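# A closer look at the structure
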Amino acid sequence: AGSRVSLNVGHQGENMNRLIIIALLGMVTSAYPAERTAKILITTTVPVNQGSNILYQGQNYLDTQALIIQSDLIKQRAKKRLNLSDDQMLKIESVEATLLKDTSVLAITVTSPDADLASNFANAMADEYTSFKRDESLTSAKASLANLSAHAMKLSEALAASEKTGTPQEQE
């Protein structure tokens with residue numbers, strides 16, 4: 001009174017087995033999150049005459065850039081760039097920026113069950129960080145230009161005054 005299981009090994013049975021195996025493989029691969037990495041070379045101008053302090057300051061700069069990359073600001077900019085919904089953002093398990101050993105290269109690693117999302121988001125983070133730094137440099141350059149223009153105007157006025165009186169005017 002035992003039960004007997006029979007397996008039809010015909011053509012139809014083989015296709016069914018293949019479908020089950022494919023479905024199982026699909027479940028296994030989707031259970032593991034994908035890690036995708038984008039890399040950025042970080043450059044900075046550091047004065048040469050600072051001696052041993054230069055390495056410490058350079059490391060601080062790189063650590064700071066890693067924190068900026070991982071910031072909510074850069075994540076939100078990347079989200080906007082890719083037009084992602086809040087639900088899609090929930091699929092991103094982690095974002096890490098790490099300095100590659102003995103380099104000035106930061107690796108942005110994104111982990112998600114969706115490999116395409118991880119890859120696209122890592123690249124968008126790199127693009128948005130680069131854009132952020134470009135905007136920061138532009139703002140700094142504009143401020144420098146305004147300061148230099150104001151200083152040049154004062155010098156021009158002092159020169160004009162000294163030419164009228166024949167004596168140099170003191171500058172602050």
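Residues numbered from 1 in each chain as written. Predicted model: local features only at pLDDT ≥ 70, side-chain atom pairs only at ≥ 80, totals over all residues. Heavy atoms only, no water.

## As for the packing of helix H3 (residues 72-82) against helix H5 (residues 115-165)
So the rule is basically this: Helix axes are fitted to C-alpha atoms over the stretch in contact, other axes to C-alpha atoms as well, and angles between N-to-C directions run from 0 to 180 degrees. Secondary structure is summarised from DSSP: a helix means a run of H or I of at least four residues, a strand means a run of E of at least two, and numbering begins at the N terminus for each. Take the far helix as the reference: if the near one is turned anticlockwise from it by less than a right angle, the crossing is left-handed, and if turned clockwise, right-handed. Here, residues are in contact when the closest pair of their heavy atoms is within 4.5 Å. Each residue gets one of three labels, nonpolar for Ala, Val, Leu, Ile, Met, Phe, Trp, Tyr, Cys and Pro, charged for Asp, Glu, Lys and Arg, and polar for the others, Gly among them.
Two numbers describe how H3 lies on H5: the axes approach to 8 Å, and their chain directions differ by 115 degrees. Here H3 and H5 pass one another in a crossing that is right-handed. The residues of H5 that touch H3, namely those facing Leu73, Ile74, Lys75, Arg77, Ala78, Lys79, Arg81 and Leu82, are Asn120, Phe121, Ala124, Met125, Asp127, Glu128, Tyr129, Ser131, Phe132 and Asp135. When grouped by side-chain class, the residues that make up the contact of H3 with H5 number 9 nonpolar, 2 polar and 7 charged.

## Quick word on the sheet that holds strand S2 (residues 94-99)
Basically, it comes down to this: Any two strands with at least two DSSP-identified bridges between them are counted as paired.
If you trace the 3 strands from one edge of the open sheet to the other, you get S1-S3-S2, paired in antiparallel fashion. Of all the strands in the sheet, the pair left with one neighbour each is strand S1 (34-41) and S2. With strand direction ignored, the average angle separating the axes of adjacent strands in the sheet is 20 degrees. Of the strand pairs in this sheet, S2 and strand S3 (residues 105-112) are connected by 6 bridges, and their pairing is antiparallel. Looking at the pairing, Leu99 lines up with Leu106 of S3.

## Considering the side chain of Ser112
Using the following cut-off: Relative accessibility decides the category of a residue: with a 1.4 Å probe and only protein chains considered, values under 20% of the type maximum give buried, values over 50% give exposed, and everything between is partly exposed. Pairs of N or O atoms are called polar contacts if they sit within 3.5 Å, as long as, within protein, a hydrogen donor faces a hydrogen acceptor (for residues adjacent in sequence, only side-chain-to-side-chain pairs).
One can find Ser112 in strand S3. On the accessibility criterion, Ser112 (0% relative accessible area) is buried. Separated by 2.8 Å, the side chain of Ser112 and the backbone oxygen of Lys91 make a polar contact. Beyond its immediate sequence surroundings of up to four residues, Ser112 is in contact with Pro33, Ala34, Lys91, Ile92, Glu93, Leu117 and Ala118.

## Section: the nonpolar core
Here is the rule we go by: Take the buried residues of types Ala, Val, Leu, Ile, Met, Phe, Trp, Tyr and Cys, join any two whose side-chain atoms come within 4.5 Å, and each joined set is a nonpolar core.
Core analysis: the largest hydrophobic core is formed by 26 residues, its most contacted members being Ile69, Phe121 and Met125. Every element with two or more residues in this core is listed here: S1, helix H2 (53-69), H3, S2, S3 and H5. Among the elements that line this core, the one with the most residues is H5, at 9 residues. Not counting chain neighbours up to four residues away, the residues in contact with Phe121 comprise Lys75, Ala78, Lys79, Leu82, Leu84, Met89, Ile92, Val95 and Val110.

## Examining H5
The line we're drawing: Take the residue count of a helix, subtract one, and multiply by 1.5 Å to get its expected span.
The first and last C-alpha atoms of H5 sit 75 Å apart over 51 residues, in line with the 75 Å expected at 1.5 Å per residue. Of the residues that open H5, the one with a side-chain oxygen 3.1 Å from the backbone nitrogen of Asp116 is Asp114.

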